[in-house]
Amino acid sequence: MLMEKIYKDLNDRQLEAVKYIDSPLLILAGAGSGKTRVLTYKIYYLIKNKLSYPENIFAVTFTNKAADEMKKRVETLLNINLKNMMIGTFHSMCVKIIKMHRASKKLDLNFSIYDTDDGKNILKSVLKELGKENIDVKTIQKKISYFKNRMIFPEEIENYHSFDIEKEDFKKIYNHYQMKLKDNNAYDFDDLLLETIKIFNDDNNFKENFSNRIKFILVDEYQDTNLSQFYILKHLYNGKNNITVVGDDDQSIYSFRGAELKNILDFEKHFENTKIIKLEQNYRSTNNILNVANRVIRNNLQRKDKILWSLFNDGEKVKIVKCFDERQEATYVVQRILQNREREEKNFSDFVILYRTNAQSRPFEEILRKNNINYKVIGNIKFFERKEIKDILAYLSFIINKNDEISFRRIMNFPKKGMGEITLNTIIENSTTFGLNLYDSLKKFYDSSRNRNKIMELNKFFDLIKNIENRKENVYNALGFLIDNLNLDTVFEKMDTNEKLSRLENIQELLNSAKEFVLRNEDNSIDSYMDMISLYTDMDEYNDNDTLTLMTVHNAKGLEFDTVFVTGVEEKLFPHMNTLDYDQNCEEERRLFYVALTRAKKNLYITMAKQRKFYGTSDFRRPSRFLKEIGFDSPNIDLIDLTISKQIDSELFDNDDSNGGEFKEFFDINDRIVHPIFGEGVIKGKKGSGKDQILIIQFLNGEIKKIFSEYANLTRK
DNA sequence: TAAGCTCTCATTCCG
DNA sequence: TGAGAGCTTA
């Protein structure tokens, strides 16, 4: 019965990959070739066939969300609870390893994990202490992370090139930053990986025990691993364990944050007797889409040869659309979505608008808002990076780690307690001088304070902390108490209604997450909640079924949609101008474009504008080199040039807020019109008014369509 | 200390 | 163009 299901759901190659356990295995899995399915079934196969217990499996995925999903899928297949299986991101697994190691040494288990924003704050204070305030924090933070990703420590820096920061200064800052993190009993994200490697290097006993525990290592998205992740895998593999990695060198798009393409290109060199299985059959896209994608990616020099094919038919041709500017581009895309949605009875969630940079979402959002279409922009602001969320969570962080200066500063200012920069610095300095933690140092300050207001404020604060601590075994109660007692209405008093509302909603969402956590876990303490939360960067996307999604191509990795619009496909935007200096053949940009194209199942639109507004000023654009690589004479594409029909354009561009009112009333029943796509027709009826007005038009072929008047782009016959 | 104003800067992003 | 950081002023 077991094998039946596996045989039914997998093709021969996939099956081979699932069953192969004789030596290290590299699965080169093209886009849409079912790689997640292979990993899921492999875990299922190992457990069901008693080749492994769940606790002997170590599986790493790219995001927490992916880990949760995979775990749930296997749980459903096996119909058991897999709470003993080690599955998660590299970072979450490293936190577990560090805690296990600390436990084995009887050390304090609590530490803080600083995100990019926290790290920036630490760096600011380091620069201040060193009198180097003229150095840009962002630049130095990037540099430090660059070296950490390559496992180079301050004292080891040899090859260093920089015009703006001197080598010795940089070393000093990097070093101080590390010391400061240590003082705060905190790790940044990069440190979690490095600390794990350090443990494995220094404590051979621990390493042997740990790697003996593991029998099977599985790694997803291997093409985006960095050097320290590679070393962690080497340690875990330990020359004997079973290792399977899945990836697609053509989809490696994160070199800017340390991903090493050579990890996947050289896998065989690092793991002896590697077996390679290629998955080239695509189960997602039509052949027109795949052909276009193949034509582009073959221009990359650094890749393993691989050609996607599918049993699907050719399908619709890929549309390449030339627009006048970004507003026409947005209008066209939204029009198309409305038309196709109606014609093919689809949901908005079947479509996606992709772009290279977040700033490109703006014109789309404008038009979507005007048309009252539900949409969601993914990625721009992360849930756990919102100020109100960080401020609240800082209370929990501080209760766990009372040396955490970052959280301390936050909660002393949320709500405002009249404790300014100077006061806080004194308290922090005193903590070092007297060997106290920050809480006790604050108490000391309080004892000596004679300011009535401050005494009152601090009394309230100490009470609050005590009350949360009393509830620390149940994070939902603790968080609920905290939120009830912060008087958020007063705190957000001066904000406008929308902002206030959205902040309160986010806080409610946070409370919901704590509630769910309490329901789903045995250990409900704030400690274990914070362990989970500090490695989550975003809430799970709730899939509203009729919401249109907009996102960057990076965010679309791993997803698929019926109809995909890849927008802004112009030189200097896609490929992005900043990449052209160091990547002559723009291979990573091409991979990114390839990722964009291969998201599409049935319909693919690629749009560009001749003119685009950037930072307030318009400039002229040229088609992306990637379009030339597809070839304008390709049999797989249709070219649509919207810049030719000038009359139509002029009306389209004028339809901004100022004269939108006129435009709506422009057509009347029985007017004869021409539609740019459907051709000649007669207006048979009107529904609604304003932005929502819909025209009912009968076209020459007898077909009757409902079309939004404001964006219909109609001309009089 | 905190609100209000000016200045600057802008690729992509997961943990 | 517009968000956010940092400076100025009450």
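In this text, all values refer to a predicted model and were calculated from it rather than measured experimentally.

### Structural notes on the sheet that holds strand S7 (residues 242-247)
Here is step 1: Spatially, the 6 strands line up as an open sheet ordered S3-S2-S6-S7-S1-S8, and their pairing is parallel. Looking along the sheet, the strands with just one partner apiece sit at the ends: strand S3 (86-88) and strand S8 (275-279). Averaged over all adjacent pairs, the angle separating strand axes in this sheet is 10°, with direction ignored.
Here is step 2: Across 4 bridges, strand S1 (residues 25-29) lies against S7 in parallel orientation. Paired with Ile-27 across the bridge in S7 is Val-246.
Here is step 3: Helix H5 (residues 90-104) rests against strand S2 (57-60), S3 and strand S6 (216-219) of the sheet, and its axis sits at about 135° to S3.
Here is step 4: Where helix H11 (residues 227-237) meets the sheet, it contacts S2, S6 and S7, and its direction lies at approximately 160° from that of S6.

### Digging into the nonpolar core
Here is step 1: Tyr-395, Leu-479 and Tyr-529 are the most contacted members of the largest nonpolar core, which totals 49 residues.
Here is step 2: Listed by contribution, the elements that provide at least two residues to this core are helix H17 (387-400), helix H18 (405-412), helix H19 (421-434), helix H20 (438-448), helix H21 (452-470), helix H22 (475-485), helix H24 (497-520) and helix H25 (526-533).
Here is step 3: Here this core gets 9 residues from one element, more than from any other, and that element is H17.
Here is step 4: Ignoring sequence-local partners within four residues, the contact set of Leu-479 consists of Ile-392, Leu-396, Leu-510, Leu-511, Ala-514 and Tyr-529.
Here is step 5: Listed in part, the 41 residues of the second largest apolar core include Val-60, Phe-90, Phe-200 and Leu-236.

### Quick look at empty space enclosed by the protein
Here is step 1: Counted by the stated rule, this structure contains 2 cavities of 30 Å³ or more.
Here is step 2: By volume, the largest cavity amounts to about 40 Å³.
Here is step 3: Together, Arg-327, Ala-330, Pro-363, Glu-366, Ile-367 and Lys-370 line the largest cavity.
Here is step 4: Listing elements by their share of the lining of the largest cavity, those giving two or more residues are helix H15 (326-343) and helix H16 (361-370).
Here is step 5: For the lining of the largest cavity, the element with the highest residue contribution is H16, accounting for 4 residues.
Here is step 6: For the lining of the largest cavity, the class distribution of residues is 3 nonpolar, no polar and 3 charged.

### Some points on the protein's contact with DNA strand C
Here is step 1: Near DNA strand C the following residues occur: Lys-124, Arg-362, Tyr-615 and Gly-616.
Here is step 2: The protein-proximal atoms of DNA strand C, defined as those within 4 Å of the protein, are 40% sugar or phosphate.
Here is step 3: Here the surface near DNA strand C is built from residues that sort into 1 nonpolar, 1 polar and 2 charged.

### Description of the layout of surface pockets
Here is step 1: Taken as a whole, the second largest pocket encloses approximately 2000 Å³ of empty space.
Here is step 2: Contributing elements (two or more residues each) for the lining of the second largest pocket: helix H4 (64-78), S3, H5, helix H10 (204-213), H24 and H25.
Here is step 3: In terms of residue count, the dominant contributor to the lining of the second largest pocket is H5 (7 residues).
Here is step 4: A per-class count over the lining of the second largest pocket returns 19 nonpolar, 9 polar and 18 charged.

### Regarding the packing of H21 against H22
Here is step 1: Where H21 meets H22, the closest approach of the two axes is 8 Å, and the angle between their N-to-C directions is 160°. As summarised for this structure, H21 and H22 are arranged roughly antiparallel, according to the angle between their axes. Relative to H22, H21 is oriented so that their crossing is right-handed. Within the contact between the two elements, H21 uses Leu-464, Asn-467 and Ile-468 and H22 uses Ala-478, Phe-481, Leu-482 and Asn-485.
Here is step 2: Across the contact of H21 with H22, the residue classes break down as 5 nonpolar, 2 polar and no charged.

### So, the protein's contact with DNA strand B
Here is step 1: Around DNA strand B, a shell composed of 32 residues is seen, among which Asn-64, Arg-356, Lys-382, Gly-420 and Thr-537 lie nearest.
Here is step 2: Here DNA strand B approaches the protein such that, of its atoms within 4 Å, sugar and phosphate make up 54%.
Here is step 3: At the level of elements, H5, helix H9 (189-202), H19 and helix H26 (553-556) are the ones that each hand at least two residues to the surface near DNA strand B.
Here is step 4: Tallied by class, residues from the surface near DNA strand B come to 8 nonpolar, 17 polar and 7 charged.

Conventions we followed
- Residues numbered from 1 in each chain as written.
- Chains lettered and ligands numbered in written order.
- Predicted model: local features only at pLDDT ≥ 70, side-chain atom pairs only at ≥ 80, totals over all residues.
- Heavy atoms only, no water.
- Pairing = 2+ DSSP bridges.
- Helix = DSSP H or I, 4+ residues; strand = E, 2+ residues; numbered from the N terminus.
- Axes fitted to C-alpha atoms, helices over the stretch in contact; angles between N-to-C directions.
- Contact = heavy atoms within 4.5 Å.
- Core = buried A, V, L, I, M, F, W, Y, C linked by side-chain atoms within 4.5 Å.
- Buried < 20%, exposed > 50% of the residue type's maximum accessible area, 1.4 Å probe, protein only.
- 1 Å grid on protein atoms, 1.4 Å probe; cavity = no way out; pocket = protein on both sides within 12 Å on 5 of 7 lines; lining within 4 Å.
- Points joined across faces, edges and corners; volume = space filled by probe spheres on them.
- Nonpolar A, V, L, I, M, F, W, Y, C, P; charged D, E, K, R; others polar.
- Near = heavy atom within 4 Å.
- Parallel < 35°, antiparallel > 145°, perpendicular 65-115°, else oblique.
- Left-handed = near helix turned anticlockwise from the far one by under 90°.

This is a description of form; function is not addressed.
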